[in-house]
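# Examination of the molecular architecture
Now for the letters of each chain:
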Amino acid sequence: MDKFETEIYLRYKQIIQSSVALAPKECMPETRHVHMAYLLDRYDVFCFDGYGTLYNRDRFVYPGAMDWFQSLRRAGKILRLVTNAASDVDGVLARAAEKRGFDFSTEETISSGSLLPKLVEQLRSGVATNAAAGIVNETAGGTSSKPLELREAYYIGRESGRNVLKACGITAVAMDAEPAEPIVAISSAKDTPETYARAVKILQKSGAILLVLNSDAWAPKAPDENGETEREPVSGALSERLRRDSMCDANGGVGCETYYLGKPFPQIWERVKASLPVGSRVLMIGDTLGTDVYGAKIAGFDSALVVGRNVPAAELEADEMALGIRPDYYLEP
């Protein structure tokens, strides 16, 4: 794992543990290698990460993923797509998964971007918030803040991600312009030297806010013709660079106020729980220790890691020790 990636996920852990009174499950359990057949009767609900777990770009589907999905559908299990993708609204993300053969409904799809409307409502009303985790937490030392207009933002990400902002009544300004209030939103690492410099300029202003719509720090590319998988820094890494570079005299050297949406932060898990029958036995299946596995522990869910995509097998033990995170299972194709 890249040193910068490790720092980001350790920071996420620190934010969660210091900001919210939670009692997560043991993060270093004994882990066994299993196939889906072993898990089938042990859980009522199966939550899946999307990219890197079931599929990747250009309709690439990972070996074994469709077999998992179809076996769970046949067994009548409750399924959820729990994704940090903020490249469009939930209905569009569900249809994109369906085009790859995974027929998640809009109701079964819960994305980090879908959490933005609630956060925007809070910021516009000046409700006390836990800025780091993007959660209302009035009993955890939050104080009233000045209500924001939040009608414009400087946006870096895929073009379709503007729909996530639009759903909240936010316009993404032109790339050579600045919003009326110093607000930057990130959904993917689509920056250029020019857009990065402008984002830093905006975030160095007093009262600046950074909205991290996708907290993933690193992500795997689809395997090449030789089956080799490369990994690359994505929106979480870009956002952390911006946060660090925003530190200046105007904000007392602490940087812009940052709001994170999606895994591993608690808000998305509360959304998942609210959609499930009470008392459900839930398993989260993903490819990333710092978001999928740790997030599941925060939610009180068991977790299964698919190794060899966002966590190379050769780096697995070192990465687990560095983060202090281990899944309940390693899921085999």
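See above for the structure.
Residues numbered from 1 in each chain as written. Predicted model: local features only at pLDDT ≥ 70, side-chain atom pairs only at ≥ 80, totals over all residues. Heavy atoms only, no water.

### Details of the sheet that holds strand β1 (residues 32-34)
Our working rule: Any two strands between which DSSP finds at least two bridges are classified as paired. The secondary structure listing takes helices from DSSP runs of H or I that are at least 4 residues long and strands from runs of E that are at least 2 residues long, numbered from the N terminus. Helix axes are fitted only over the stretch in contact, all axes being lines through C-alpha atoms; the angle between N-to-C directions runs from 0 to 180 degrees.
Strands sit in the order β1-β14-β13-β12-β2-β3-β4 across an open sheet of seven strands; the sheet is parallel. For this open sheet the edge positions go to β1 and β4 (109-111), each flanked by a neighbour on one side alone. On average, each strand axis in the sheet is inclined to that of its neighbour by 25°, with strand direction left out of account. In terms of strand pairing, strand β2 (residues 45-48) meets strand β3 (residues 78-83) through four bridges, oriented parallel. Bridged to Cys47 within β3 is Arg80.

### Overview of empty space enclosed by the protein
Stated precisely, the cut-off is as follows: Put simply, the grid is 1 Å and covers the protein atoms alone, a cavity is a trapped set of points that fit a 1.4 Å probe, a pocket is an open set with protein on both sides within 12 Å along at least five of seven lines, and lining residues have an atom within 4 Å of a point. Grid points are joined across faces, edges and corners, and a volume is the space filled by probe spheres set on the points. Gly falls in the polar group here, along with every residue not listed as nonpolar (Ala, Val, Leu, Ile, Met, Phe, Trp, Tyr, Cys, Pro) or charged (Asp, Glu, Lys, Arg).
Taken as a whole and assessed by the stated rule, the structure comprises one cavity of 30 Å³ or more. In this structure, the largest cavity spans a volume of roughly 40 Å³. Broken down by secondary-structure element, the contributors of at least two residues to the lining of the largest cavity are α1 (3-19), α10 (289-299) and α11 (316-323). Tallied by class, the residues present in the lining of the largest cavity amount to five nonpolar, three polar and three charged.

### Description of the packing of α1 against helix α8 (residues 235-245)
Worth spelling out the cut-off: With respect to orientation, any angle under 35 degrees is reported as roughly parallel, any angle over 145 as roughly antiparallel, any angle of 65 to 115 as roughly perpendicular, and every other angle as oblique. A contact between two residues is defined here by any heavy atoms of the two lying within 4.5 Å.
Across the interface, α1 lies against α8 with an axial gap of 10 Å and an inter-helix angle of 80°. Taken as axis vectors, α1 and α8 run roughly perpendicular relative to one another. Here Phe4, Glu7, Ile8, Arg11 and Tyr12 of α1 come into contact with α8, specifically with Gly236, Ala237, Glu240, Arg241, Arg243 and Arg244. Here the contact of α1 with α8 is composed, by residue class, of four nonpolar, one polar and six charged.

### Brief notes about the packing of aromatic side chains
The relation between two aromatic rings is expressed through the spacing of the ring centres and the mutual angle of the planes. Quick reminder of the rule: Stacked, tilted and edge-to-face are the three classes assigned to paired rings of Phe, Tyr and Trp, where Trp is represented by its six-membered ring and a pair needs centres within 6.5 Å; plane angles under 30 degrees give stacked, over 60 edge-to-face, the rest tilted. Each residue's exposure class comes from its accessible area (1.4 Å probe, protein chains only) as a fraction of the maximum for that residue type: buried when under 20%, exposed when over 50%, partly exposed otherwise. Lysine NZ or arginine CZ positioned within 6 Å of the ring centre and within 35 degrees of the ring normal marks a charge as sitting over the ring.
The tally for this structure, following the rule as stated, stands at 14 aromatic pairs. When the centroid spacing of 5.3 Å and the interplanar angle of 85° are considered together, the rings of Phe69 and Phe102 count as edge-to-face. Placement of Phe69 in helix α3 (residues 65-74) and of Phe102 in the loop between α4 (90-99) and β4 is noted, with a sequence separation of 33 residues between them. Phe102 gets classed as buried once you look at its relative accessible area, which sits at 0%. Ring pairs connect the aromatic residues Tyr51, Tyr55, Phe69, Phe102 and Phe104, which therefore count as one cluster. In this structure, Arg42 packs its charged tip against the face of Tyr38, placed 3.7 Å from the ring centre. Against the face of Tyr62 rests Arg309, its NZ or CZ located 4.0 Å from the ring centre.

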